[in-house]
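Remarks on the overall topology
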Amino acid sequence: MEQGKNTIEPVKAEDFLPAVIHCKMQGWRLVQLCATRLPGRYELSYSFAKDLALRTLRLVVDETDRVPSITQIYPGAFLQENEMAELFGVQVADISRDYRQKLYRIARETPFKEKG
Amino acid sequence: MAKLAKSPWLLHYDGSSCNGCDIEVLACTTPVYDIERFGIINTGDPFQADILLITGGINHQSEAVVKQIYSQMPDPKVVVAVGICACTGGVFKDCYNIKGGVDTVIPVDVYVPGCAARPQAIIDGVVKALEILQQKREAFLARRA
Amino acid sequence: MAKQSIVPFGPQHPVLPEPVHLDLVLEDEVVVKAVPSIGFVHRGLEKLVETKDFKEYVYIAERVCGICSFGHGMGYCQSVEHILGVEVPRRADYLRTIWMEMSRIHSHLLWLGLLADAMGFESLFMQSWRLREKILDMFDATTGGRIIFSVNCIGGVLKDMDNGMLRRLVETLDSIERDLRPLADTFLQDYTVGTRLIGLGVLKGEDATLAGAVGPMLRASGVGYDARQLGYAAYNDLDFAPVTAQEGDSYARCQVRIQEIYQSIRLIRQAADKIPNGPISVPVKGNPNGEYFQRIEQPRGEAVYYVKGSGGKFIDRFRLRTPTTSNIPPMLDMLKGCQLADVPLLILTIDPCISCTER
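Residues numbered from 1 in each chain as written. Chains lettered and ligands numbered in written order. Predicted model: local features only at pLDDT ≥ 70, side-chain atom pairs only at ≥ 80, totals over all residues. Heavy atoms only, no water.

What to know about the packing of aromatic side chains
Overall, the coordinates contain 12 aromatic pairs over all chains when judged by the stated rule. Judged by centre distance (4.7 Å) and plane angle (50 degrees), the ring pair of Phe16(A) and Tyr46(A) falls under tilted. Of the two residues, Phe16(A) is situated in helix α1 (residues 13-25) and Tyr46(A) in strand β3 (residues 41-50); the sequence distance between them amounts to 30 residues. The same class applies to Phe16(A) as to Tyr46(A), namely buried. Aromatic side chains Tyr57(C) and Phe318(C) sit 5.3 Å apart centroid to centroid with 70 degrees between the ring planes, which places their arrangement in the edge-to-face category. Here Phe318(C) lies in strand β8 (residues 317-321) and Tyr57(C) lies in helix α1 (residues 57-62), a separation of 261 residues in the sequence. In this structure, Tyr57(C) and Phe318(C) share a single accessibility class: buried. Above the face of the Tyr225(C) ring, Arg29(A) is positioned so that its terminal group lies 4.6 Å from the ring centre. (Phe/Tyr/Trp six-rings, centres within 6.5 Å; stacked < 30°, edge-to-face > 60°. Helix = DSSP H or I, 4+ residues; strand = E, 2+ residues; numbered from the N terminus. Buried < 20%, exposed > 50% of the residue type's maximum accessible area, 1.4 Å probe, protein only. Lys NZ or Arg CZ within 6 Å of the ring centre and 35° of its normal.)

Let's talk about the confidence of the model for chain C
Within chain C, residue pLDDT values average 87, and 100% of them lie at 70 or more. Taken over the whole predicted complex, pTM reads 0.88, whereas the ipTM for its chain interfaces reads 0.85. (pLDDT = per-residue confidence, 0-100.)

Thoughts on the interface of chain B and chain C
Of the residues lining the interface, 39 residues belong to chain B; the matching set on chain C comes to 40 residues. Both sides of the chain B and chain C interface together cover about 3100 Å² of buried area, and 63% of this is carbon and sulfur. Where chain B packs against chain C, one counts 3 salt bridges. A salt bridge links Arg146(C) to Glu24(B); the shortest N-O distance between them is 2.8 Å. (Contact = heavy atoms within 4.5 Å. Buried area = accessible area lost by both parts, 1.4 Å probe. Salt bridge = Lys/Arg side-chain N within 4 Å of Asp/Glu carboxyl O.)

Some words on the sheet that holds strand β3 (residues 30-37) of chain C
Residues and elements named next belong to chain C. Read from one edge of the open sheet, 3 strands run β1-β2-β3, paired in antiparallel fashion. The outermost strands of the open sheet, each flanked by one partner alone, are β1 (4-9) and β3. Neighbouring strand axes in the sheet, compared pairwise and without regard to direction, differ in orientation by 20 degrees on average. Taken together, the 6 bridges between β1 and strand β2 (residues 21-27) define a ladder with antiparallel strand orientation. The residue bridging Ile6 from the neighbouring strand is Val25, located in β2. Sheet strands in contact with helix α10 (residues 323-335) are β2 and β3, and its direction is about 155 degrees off that of β3. (Pairing = 2+ DSSP bridges. Axes fitted to C-alpha atoms, helices over the stretch in contact; angles between N-to-C directions.)

Points about the packing of helix α2 (residues 69-84) of chain C against helix α3 (residues 90-119) of chain C
Residue and element names in this part refer to chain C. Remark: α2 packs on α3, axes separated minimally by 9 Å, with the N-to-C direction vectors making an angle of 145 degrees. Taken as a pair, α2 and α3 cross one another with a handedness that is left-handed. Contact with α2, carried on its side by Phe70, Gly71, Met74, Cys77, Gln78 and Glu81, involves Arg96, Trp99, Met100 and Ser103 of α3 and no other residues of that element. Residue classes in the contact of α2 with α3 are distributed as 5 nonpolar, 3 polar and 2 charged. (Left-handed = near helix turned anticlockwise from the far one by under 90°. Nonpolar A, V, L, I, M, F, W, Y, C, P; charged D, E, K, R; others polar.)

Description of the nonpolar core
Counting residues in hydrophobic clusters, the biggest one holds 212 residues, and the most contacted among them are Leu44(A), Tyr46(A), Leu52(B), Tyr76(C) and Phe187(C). In terms of residue count, α3(C) provides more of this core than any other element does, 17 residues in total. One finds Ala49(A), Phe293(C), Val304(C) and Tyr306(C) within the second-largest nonpolar core, a separate group that totals 7 residues. (Core = buried A, V, L, I, M, F, W, Y, C linked by side-chain atoms within 4.5 Å.)

Quick look at helix α5 (residues 163-189) of chain C
Along its 27 residues, α5(C) runs 38 Å from first to last C-alpha, staying within 8% of the 39 Å computed at 1.5 Å per residue. Of all the bends in α5(C), the largest measures some 30 degrees and sits at Leu180(C), one to four residues before the proline Pro182(C). (Expected span 1.5 Å × (residues − 1). Bend = angle between axes of the 7 residues up to and from the residue.)

Some thoughts on the side chain of Ser103(C)
If you trace the backbone, Ser103(C) turns up in helix α3. If sequence neighbours within four positions are ignored, Ser103(C) has contacts with Phe70(C), Phe139(C), Phe149(C) and Pro299(C).

Notes on the sheet that holds β3(A)
Residue and element names in this part refer to chain A. The strand order β1-β4-β3-β2 describes an open sheet built from 4 strands, whose pairing is mixed. Bordering the open sheet on either side are β1 (6-10) and β2 (29-38), each of which pairs with just one other strand. Strand-to-strand twist in this sheet, taken as the mean axis angle between neighbours without regard to direction, amounts to 20 degrees. Note: β3 against strand β4 (residues 53-62), 10 bridges, orientation antiparallel. Bridged to Ala49 within β4 is Leu54.

Some words on the side chain of Ser221(C)
Residue and element names in this part refer to chain C. Considering the arrangement of structural elements, one finds Ser221 in the loop between α8 (216-219) and α9 (250-274). Note on Ser221: relative accessible area 6%, which makes it buried. Separated by 3.3 Å, the side chain of Ser221 and the backbone oxygen of Met217 make a polar contact. Look past the residues within four positions of Ser221 in its chain and what remains in contact with it is Leu203, Lys204, Gly205, Ala208, Ala245, Gln246 and Gly248. (Polar contact = N/O pair within 3.5 Å; in protein donor to acceptor, adjacent residues only side chain to side chain.)

With respect to the pattern of salt bridges
According to the stated counting rule, one finds 36 salt bridges over all chains in the structure shown. Across the pair Arg319(C) and Glu83(A) runs a salt bridge, and its minimum N-O distance is 3.0 Å. Taken as a pair, Arg319(C) in strand β8 and Glu83(A) in helix α2 (residues 78-88) lie in two separate chains rather than in one. Of the two residues, Arg319(C) and Glu83(A), neither departs from the other in class, the shared state being buried. A single salt-bridge network, built from bridges that share partners, covers Glu101(C), Arg104(C), Arg219(C), Asp226(C), Arg228(C), Glu260(C) and Glu297(C).

Concerning the interface of chain C and chain A
Counting residues at the interface gives 42 residues for chain C, matched by 44 residues for chain A. Between chain C and chain A, a total of about 3600 Å² is buried, with carbon and sulfur atoms accounting for 55% of that surface. The largest contributions to the chain C side of the interface with chain A come from Lys47(C), Leu230(C) and Phe293(C), which together make up 18% of the buried area. At the boundary of chain C and chain A, one finds 4 salt bridges. Lys308(C) serves as the salt-bridge partner of Glu43(A), at 3.2 Å between the closest nitrogen and oxygen.

A short note on unusual backbone geometry
Going from Asp75(B) to Pro76(B), the amide bond is cis rather than trans, its omega being -10 degrees. A positive phi is found at Asp28(C), a non-glycine position, where the angle reads about 55 degrees. Overall, Asp28(C) belongs to the exposed group, its relative accessible area being 60%. Residues other than glycine seldom take positive phi values, yet Ser150(C) does so here, at roughly 50 degrees. Mapped onto the fold, Ser150(C) is located in the loop between α4 (122-143) and β4 (152-153).

So, in structure tokens, the structure goes:
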């Protein structure tokens, strides 16, 4: 089946923003942001697409690490970054439209942080 | 039936449903099902509505909205919970953000189960609501007399 | 600078069947900024994957949204099947394609009706929805449900269509095509409709891509990207090209969606011709271990399904990025500088599906 490229590339925290800027320069568009819970850490996936190819940058951060926002590069990311912050408790720094944990205004704090 | 039960105005609000029942409620107002043959008009204004159709369970944010809409409607009023989520919470009952059915927030008069509730069932529920509306109206007038 | 005032829009609004709230910052009648506030429909469905068996979760995935329900079930199944390495029978792929395209027809007709309703063109709304009932009847006949179908399962589909049914489907599509022509003419050539659509909410190709627009929004701005070109299900056997328009205004978006209805009709005819015989599902053993990003083209645009499993019967993470999540930022750009009276219509032209967005 002709699927187009679909890759996952791990990046280090210090290379992360340059990698995103690089994607932007080459004309990739933002597809999605996703956080996944690992024991004591978060696995963040940032997917970009160009034509039919899809590439995902994979960043693993500690619970207390502050992750830089990519809204300065891709302004459309603000909704998904707020969602990551509210549902998982990922510390995202400097979102252009920061809802400060009030995007969905749910009763339970960071429900995805604990399993089950 | 008296005048009110012959030309009730209907208000629809989406609690936190999946859209399925909402489009079925809208489908009821269009040809093929045509709820307007009972004299019903779909309005967008709570101040003029007699019947409130709510679809979907209630989450922590829509709670205040539903309460407000209910309080804005003039007495007598009837609430119809459309779809199994509005009745009990349905498949979403276990979700962290769902409080449960509509009756956890406001009193419900008619329950229409189904996922998604079929237009026939919704119309049936609304017609039941008309009877209840009439009873409530008589009680309302008796209280005032 | 003129005095600014803030007008709240929603959550309960006659134009929107679903609750969404916007704070519109106005200067006189012109919108200078729109701040969305969502969460009225947030249920937390992604979390349920941790407590439901991965085979059972198909039914939850379908109920993320009642309009795009078939696509959500299919997207979830395809990503799990990819992780498990399950090869779905060809007939199941074709059946999925047929149902997916039927969903597109139903969704676009629904949108056309809502658009007419937003303009106050009631008879056009009624006519669009009357036509839509024909496709719902076919859904009812083939799956047993009008809105939620529950025909997808991991490893294939649960229901088959025999030749008589396929013939009936094609005949129904012929009549839909016939009845759609006068409707399409009204939408595209009527002077009144034109005044509400032409030149409104212009989004240029470059800006649309940058802001993350997908689906008909993107294609109406001249970018020919359609996730169906990836060739999932039976799309690699079928002949089609993305429908595009150049202007990027509301009229172009309406045009693209109407053309896509015709395209879907053609796709179903092709699929009904080519559908091979054979089984409709394969048994599935084992639990998913691995991760995969699956993209499919929903009626509203590209949706992304991410599944990550670690060998248990509960999946670790399911993520769904729906088209509307991606379309809200370009919508906010579009609202800047428009008249207050046009706001409901502009919101509608992205075909918002709030229930999908918030899950």
